[in-house]
Amino acid sequence: MAQIRVADDTERVSDRRMGRGAFLGVLGLGVVGLAFGERITRGLSGPIGAVGDVVPSAIKELVPTGWRIYAVNPPWPTFHPATYRLQVTGMVERPLTLRWSDVDSLPAVSETANFHCVTGWTVGGVHWRGIRLQTLWDMAHPLPEARYVNFVSLEHPYVDTLSLEQTTMPQVMLAHTMEGAPLPREHGAPLRLVIPEMYGYKGVKWLHRIELVDKLVPGYWEQRGYDVDAWVGRSNGYF
Amino acid sequence: MTRFSAFERTLHWLLAVTFLTMAATGLILYLPSLAEVAANRGMWKSIHLGAAIAFWAGLIALLPGNGRQFRGAAREIDRFDEDDRRWLQWAVTRRGDEPAQGRFNAGQKLNTAIVSGLMVVFTVSGTLMYLQETDAAFRGRTSAILVHDLATWVALPLVAGHLWLALVNPSTRHSMRGILLGGVRRDWARRHHRKWMDTVEGQAVGTGSAEPPSPSP
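Residues numbered from 1 in each chain as written. Chains lettered and ligands numbered in written order. Predicted model: local features only at pLDDT ≥ 70, side-chain atom pairs only at ≥ 80, totals over all residues.

(A) Seen up close, the nonpolar core. Core analysis: the biggest nonpolar cluster contains 39 residues, and A:Phe151, A:Leu174, A:Leu193, A:Val194 and A:Leu207 have the highest contact counts within it. Mapped by element, the contributors of at least two residues to this core are strand E2 (85–90), helix H4 (133–140), strand E6 (148–153), strand E7 (159–163), strand E8 (173–178), strand E10 (192–194) and strand E11 (207–213) of chain A. Here the element with the most residues in this core is E6(A); it accounts for four residues. Those residues in contact with A:Leu193 that lie beyond four places of it in its chain are A:Phe151, A:Leu174, A:Gly203, A:Val204 and A:Leu207. Membership of the second largest hydrophobic core comes to 24 residues, among which are B:Ala73, B:Phe80, B:Val121 and B:Ala151. (Core = buried A, V, L, I, M, F, W, Y, C linked by C-beta atoms within 7 Å. Buried ≥ 20, exposed ≤ 12 C-beta atoms within 10 Å, placed from the backbone. Helix = DSSP H or I, 4+ residues; strand = E, 2+ residues; numbered from the N terminus. Contact = placed C-beta atoms within 7 Å.)

So this is what it looks like as C-alpha cells:
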C-alpha cells in the first residue's frame, strides 16, 4: 500500500510560517470584531447617513447600522401626508378617521427601549416618540366585547395583533419619531407599533388601520408558525 | 499515487458535511426571503448547533492515533517556500509557468489556514449568539452576530471557489478522486504537484534516510 509522503520535511531558512500567520490573523480579526465591531460600523454609518440620499440605499444597506430591514411585499409603502389616514374601526363606540395633522397633534410621549428581533439581533437604546394607545381608546371608546386589536399595515398583507390589555402595557406606543427625527420610511413611516417586551415582528410598520375585534386573528408571521405572544427570550423556539 | 490518507479524507468530509449543513440551516435562519421556511426556528437552530457539535466531536474523536499525521499536514500547510510565494503571484497575474508545488499548492495552504481560523471564529461567535438568545443579559455585550455574518460572507466565496476547482474546472477537478479515494494519477500529480512527486520518487529510489512523516495504513 502506497504511503503518503509530504513534499519535504527539511525546513529551509527561506521558509515562512505563513499558514499559522493566516490562521492567527483570522482569529485576531475575529477577536477585534467581537470587541469593537458594532462601534466600528456605527462609526461608519454616521458619515454615510449624513450624505443622505446621495448614496443609493442599496449601498447604504451594506454598512450595518445594527438594524436589518424586513419587508414582506416590497417596495416599502410611501407616506403622503396629504392623503394619509389613520383609521380606528371595529368594536368601538366612535370609529375614527384621523388625518396626519390630527395624529401629529395628539399628546406624545418619549421613551428609550431596546429592540429585539426574533432572528437574534438587538439594537439597544432606541429613542422613540409617539402616542400611547390609551389616547386613542379615550377617543374611540372600545366596546365591552372588544378583546383583541388588529394592526393593519399599508404593506399588504402585513397585519399583527395584540390583546386589548397588551396595548396598554407601559412601553407600548405608536411611534412617529425615531432618534429625534420623523420615522424613516424603512422603519415604517409615518407610524409604527413599538412593543419593547416582544420581538420586532409584532411591531407593525406603515400602520394605517387599527381594528378592534372579539376573536383573535393571528398576524402575518403567526399564520406562518411564529408565536402570537412573542415575549423576548420566552417564545419562538427559545431553548 | 496516494495523495490523501484515510484520516485526511475523513477529516475533510467531516468538515464538508457539517459545514454545508450549517451553511444551509444558517441561511434559512438568516435570510429574510427564507423567513417563511424558518418558521420552525427551534428545529433549524437544533440542526445548526447539532452540526457544529458533530464537527468538533468528530475532530476530537479522530485525533487520538492520528496526531502525528495531523501535525505533519499542519506543518506542510504552515510553511511557504520561495516557490509558494511565486505561485501566489502567478495565481493572480497568470504570467509565466506555474511554479512547482508540493503536495498542497500555496492556494490550498492559504485556504486551509483561513478556513481553520474561521472554524474557531464561527464557534466562538456562535456560542456567544447561543448565550445571548438564551439569556438577554448577554445581548449587546459583543458583536457576535456581526462577526458570525462577516465570517459567513468570507467562508461562502472560499467554499464556492473550492467547489468550482474541485467539480468544474477541467485541469483541477481530477483532485476530487484524491479526496474521495485517496489516489491521483501520476501524470496529473507531476503536472500540478511536481515537488511532491520529486520527493516521493526520490525517496522511493534513494535510501530513505529522511524518515517520512507518513501514516502506516
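(B) Seen up close, the packing of helix H1 (residues 6–30) of chain B against helix H2 (residues 41–62) of chain B. Residue and element names in this part refer to chain B. Two elements in contact, H1 and H2, have axes whose closest approach is 9 Å; the angle formed by their N-to-C orientations is 165 degrees. The angle between the axes of H1 and H2 places the two elements in the roughly antiparallel class. In the packing of H1 onto H2, the handedness of the crossing is left-handed. Where H1 approaches H2, its residues Phe7, Thr10, Leu11, Leu14, Leu15, Thr18, Thr21, Met22, Thr25, Gly26, Ile28 and Leu29 are matched on the opposing element by Arg41, Trp44, Lys45, Ile47, His48, Ala51, Ala52, Ala54, Phe55, Gly58 and Leu62. Residues belonging to the contact of H1 with H2 are distributed by class as follows: 14 nonpolar, seven polar and two charged. (Axes fitted to C-alpha atoms, helices over the stretch in contact; angles between N-to-C directions. Parallel < 35°, antiparallel > 145°, perpendicular 65-115°, else oblique. Left-handed = near helix turned anticlockwise from the far one by under 90°. Nonpolar A, V, L, I, M, F, W, Y, C, P; charged D, E, K, R; others polar.)

(C) Local environment of the sheet that holds E6(A). Residues and elements named next belong to chain A. Reading across from one edge, E3-E2-E11-E6-E7 is the order of the five strands in this open sheet, with mixed pairing throughout. Two strands in the sheet have a free side with no partner beyond their single neighbour: strand E3 (96–99) and E7. The sheet shows a mean angle of 15 degrees between the axes of neighbouring strands, direction not considered. (Pairing = 2+ DSSP bridges.)

(D) How the structure looks around the environment of A:Met173. All names here are of chain A. Here methionine 173 shows up in strand E8. Residue class for methionine 173 comes out buried when judged on the 27 C-beta atoms lying within 10 Å of it. On a C-alpha basis, the gap between methionine 173 and lysine 205 in space is 12 Å, while along the polypeptide they are 32 residues apart. With sequence-adjacent residues up to four places away left out, methionine 173 is seen in contact with Val109, Glu111, Trp128, Gly130, Ile131, Arg132 and Val194.

(E) The arrangement of helix H3 (residues 67–78) of chain B in detail. The end-to-end C-alpha distance of H3(B) is 16 Å, a good match for the 16 Å that 12 residues give at a rise of 1.5 Å each. Among the residues of H3(B), those classed as buried are B:Gln69, B:Gly72, B:Ala73, B:Glu76, B:Ile77 and B:Asp78. (Expected span 1.5 Å × (residues − 1).)

(F) Quick peek at the confidence of the model for chain B. Residue and element names in this part refer to chain B. With 89% of its residues at a pLDDT of 70 or more, chain B has an overall mean of 86. Taken element by element, chain B is modelled with least confidence in helix H9 (residues 194–205), mean pLDDT 80, and with most confidence in H1, mean pLDDT 93. Note on residues 206–217: pLDDT under 50 across the span, and 17 contacts to partners over four residues away in sequence or across chains. (pLDDT = per-residue confidence, 0-100.)

(G) Looking closely at the pairing of E2(A). Residues and elements named next belong to chain A. Relative to E3, E2 runs antiparallel, the two being bridged by four bridges. Paired with leucine 86 across the bridge in E3 is leucine 98. Counting the residues in the hairpin turn of E2 and E3 gives five residues. Pairing analysis gives four bridges linking E2 to E11, with the strands arranged parallel.

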